[in-house]
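What follows is the residue order along each chain.
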Amino acid sequence: MEELIGKLDELIAAVGGGVLPLWLSIVGIFVPILISIIVAVQAYVQYIGNKKLQTYISQKEARIQMHSDFLSIYDAFCAAHSTIYMQDELLIEILATPNLTAQWQTDVRQALSETCRSLNRANLILPKSDATFFAMLKGVFEQYRDLAYEVKDYILTGAVEYHRTQAWGRLSSHYGVPYGDYAALRSNPDAHKDFLKLFANERSKSIQKRKEQLLPCFEYDKFDRFFEPYLKMEQRI
């Protein structure tokens, strides 16, 4: 305590006499340097913290975007699946009925376009190490494309209309249903059932076969499980 009082007395005397002691001069030199070092260290620590935070945010946004991309791909292929997920009897009725055929062809064409874009997107974002995933998607797309092309060919060549005409010609007079009156046809269950039997042909059976071969490709072990690592947000974010 006495030493501190002594130092204060020296400081007062030095200030009064205009002369500073050596120790105070040294302190006056190093204190600003020390403060500068402390400020610099704090600034560096803050910079590192901000950089880590920015990196974390950037990585999180990238993972969220990847999740969104894979969800879009998944939805596109599921939409394609929904266009063919039907019993054979319904498929025959769709092909045998003009307005149903037109709507189904539109749905299949749109689904084909979406799966094509999704396949290209998958090729861009999938890691090269996950080649099996892309091969699966490509295989499903190619089978769906072949089915869509066969449906398109069946319609555009006029073969589907020819088979409708043949069925109507053999059925109309027998049941007394006006030719081409699909509403009257549906109101007569026996006539409707026989009409679908008469319409069924090798081309419609070929489309049915493609559908039956494609449907198992959407089963969990062959399709969904590939998406799980990319769609489970809680494991990746």
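Residues numbered from 1 in each chain as written. Predicted model: local features only at pLDDT ≥ 70, side-chain atom pairs only at ≥ 80, totals over all residues. Heavy atoms only, no water.

**Some words on the confidence of the model for the protein**
Any residue range with low pLDDT should be treated as having predicted coordinates unsuitable for detailed reading.
Phase 1 of the analysis: The share of residues in the protein with pLDDT of 70 or more is 72%, and the mean pLDDT across the chain is 83.
Phase 2 of the analysis: Of all secondary-structure elements in the protein, the lowest mean pLDDT belongs to helix α1 (residues 2–17), at 51, while helix α5 (residues 131–156) reaches the highest, 96. (pLDDT = per-residue confidence, 0-100. Helix = DSSP H or I, 4+ residues; strand = E, 2+ residues; numbered from the N terminus.)

**Re the packing of aromatic side chains**
Where two aromatic rings form a pair, the distance of their centres and the angle of their planes describe that pair.
Phase 1 of the analysis: Per the counting criterion, the structure on display carries 14 aromatic pairs.
Phase 2 of the analysis: Plain terms: the ring middles of Trp168 and Tyr179 are 5.7 Å apart, the flat faces sit at 50° to each other, and that makes the pair tilted. In this pair, Trp168 is assigned in helix α6 (residues 159–175) and Tyr179 in the loop between α6 and α7 (182–186), connecting sequence segments 11 residues apart.
Phase 3 of the analysis: Given the relative accessible area of 1%, Trp168 is considered buried.
Phase 4 of the analysis: Centre to centre, the rings of Trp168 and Tyr182 are 5.3 Å apart; their planes meet at 85°, and the pair counts as edge-to-face. Here Trp168, found in helix α6, pairs with Tyr182, found in helix α7; they are 14 residues apart in sequence, far enough to count as distant.
Phase 5 of the analysis: An aromatic cluster of at least three residues, connected via ring pairs, comprises Phe70, Tyr74, Phe77, Phe133, Phe218, Phe223, Phe226, Phe227 and Tyr230. (Phe/Tyr/Trp six-rings, centres within 6.5 Å; stacked < 30°, edge-to-face > 60°. Buried < 20%, exposed > 50% of the residue type's maximum accessible area, 1.4 Å probe, protein only.)

**A few points about the pattern of salt bridges**
Phase 1 of the analysis: Counted by the stated rule, this structure contains 8 salt bridges.
Phase 2 of the analysis: A salt bridge links Glu114 to Arg117; its shortest N-O distance comes to 2.2 Å. With Glu114 and Arg117 both in helix α4 (residues 98–125) and 3 residues apart, this pair spans about one turn of that helix.
Phase 3 of the analysis: Among the ionic pairs, Arg203 bridges to Asp153, the shortest N-O distance being 2.9 Å. Here Arg203, found in helix α9 (residues 202–214), pairs with Asp153, found in helix α5; they are 50 residues apart in sequence, far enough to count as distant. (Salt bridge = Lys/Arg side-chain N within 4 Å of Asp/Glu carboxyl O.)

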